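What follows is the residue order along each chain.
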Amino acid sequence: HTGGVTTTWLGGAGDPRRPLDPRFAGLIQASINHIYADFTGKAAVARKTTPQKIDEVAQGRVWTGAQARERGLVDRLGSYSDALKAAATRAKLEDGYRVTYMEREPGRIERLLDMFGGAAARAVVHQLADRLDARLAATGVPAGVLRDAQRDLGWLAEVADRRKPFMAITHCLCGEP
């Protein structure tokens, strides 16, 4: 169970611990539909066809490169290096061009934890959970609230142990998850 006060119906709408609000599901689906229509429109222009014909073949499915080629969705198959060369040719770059990879700068906490490695992140989360347990128990917090806090911190500890900020979850929103 969760609780809290928000100022709009969207507050906490993306919280995986709460049931999905049908209005939020509709918002997500509308966004997916918009992105898909934009994609099929751009693909149709590039393939010199109509969005309807692209939709007949694609329909939001994922194809291997060979399958996409069979269906006329791509011209040729190649490696990442081939794609870079093709992009450089289209941009009329001379030989010897450089490729620069840009990444977001890590924050202060992330840099600090990285100095110590994954063990530091795990230790911080586990220590926080232990201190919270001791402090909440001493104040007479109801056992149910304490269990919920432990469960949530346990989830956070699992995330820290795996060194992943989030888990990838896909859902069509066509029914209950």
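Just so we're clear, the structure is a prediction, and the values are computed from it rather than from any experiment.

Caption draft 1: Representation of the overall build of the protein within the structure. Per the secondary structure count, the protein includes seven helices and zero strands. The linear arrangement of helices and strands in the protein, starting from the amino end, is α-α-α-α-α-α-α. Relative to all contacts within the protein whose residues are 6 or more apart in sequence, the contacts with residues 24 or more apart total 31%. Here the protein has roughly 14600 Å² of accessible surface; of this, 58% comes from carbon and sulfur atoms.

Caption draft 2: Main features of a nonpolar patch on the surface. Where nonpolar side chains cluster on the molecular surface, the patch consists of Tyr-80, Leu-93, Tyr-97, Val-99 and Tyr-101 and spans about 520 Å² of accessible area. Structurally, the position occupied by Tyr-97 is in the loop between helix H4 (80–90) and helix H5 (108–116). Assessed through its relative accessible area of 31%, Tyr-97 is described here as partly exposed.

Caption draft 3: Just unusual backbone geometry, in detail. A positive phi angle, close to 55°, is found at Lys-48, a residue other than glycine. With respect to the element layout, Lys-48 can be found in the loop between helix H1 (22–47) and helix H2 (51–58). With relative accessibility at 76%, the residue Lys-48 sits in the exposed group. Its identity as a non-glycine residue notwithstanding, Lys-92 has a phi of 60°, on the positive side. Tracing the sequence through the fold places Lys-92 in the loop between H4 and H5.

Caption draft 4: Up close: the pattern of salt bridges. Under the counting rule described, the total for this entry stands at five salt bridges. The residue Asp-21 makes a salt bridge to Arg-23 at a minimum N-O spacing of 3.0 Å. For Arg-23, a relative accessible area of 48% puts it in the partly exposed group. When the shortest N-O distance is used, the salt bridge between Asp-38 and Lys-42 registers 3.4 Å. Taken together, the positions of Asp-38 and Lys-42, both in helix H1 and four residues apart, correspond to about one turn of that helix. On the basis of relative accessibility, which here comes to 37%, the residue Asp-38 falls in the partly exposed class. Relative accessible area serves as the criterion here: at 56%, Lys-42 is assigned to the exposed category.

What counts as what
- Residues numbered from 1 in each chain as written.
- Predicted model: local features only at pLDDT ≥ 70, side-chain atom pairs only at ≥ 80, totals over all residues.
- Heavy atoms only, no water.
- Helix = DSSP H or I, 4+ residues; strand = E, 2+ residues; numbered from the N terminus.
- Contact = heavy atoms within 4.5 Å.
- Areas by Shrake-Rupley, 256 points an atom, 1.4 Å probe, with all protein chains shown as cover.
- Patch = residues over 30% accessible without salt bridge, like charges linked within 9 Å, V, L, I, M, F, W, Y side chains within 5 Å.
- Salt bridge = Lys/Arg side-chain N within 4 Å of Asp/Glu carboxyl O.
- Buried < 20%, exposed > 50% of the residue type's maximum accessible area, 1.4 Å probe, protein only.

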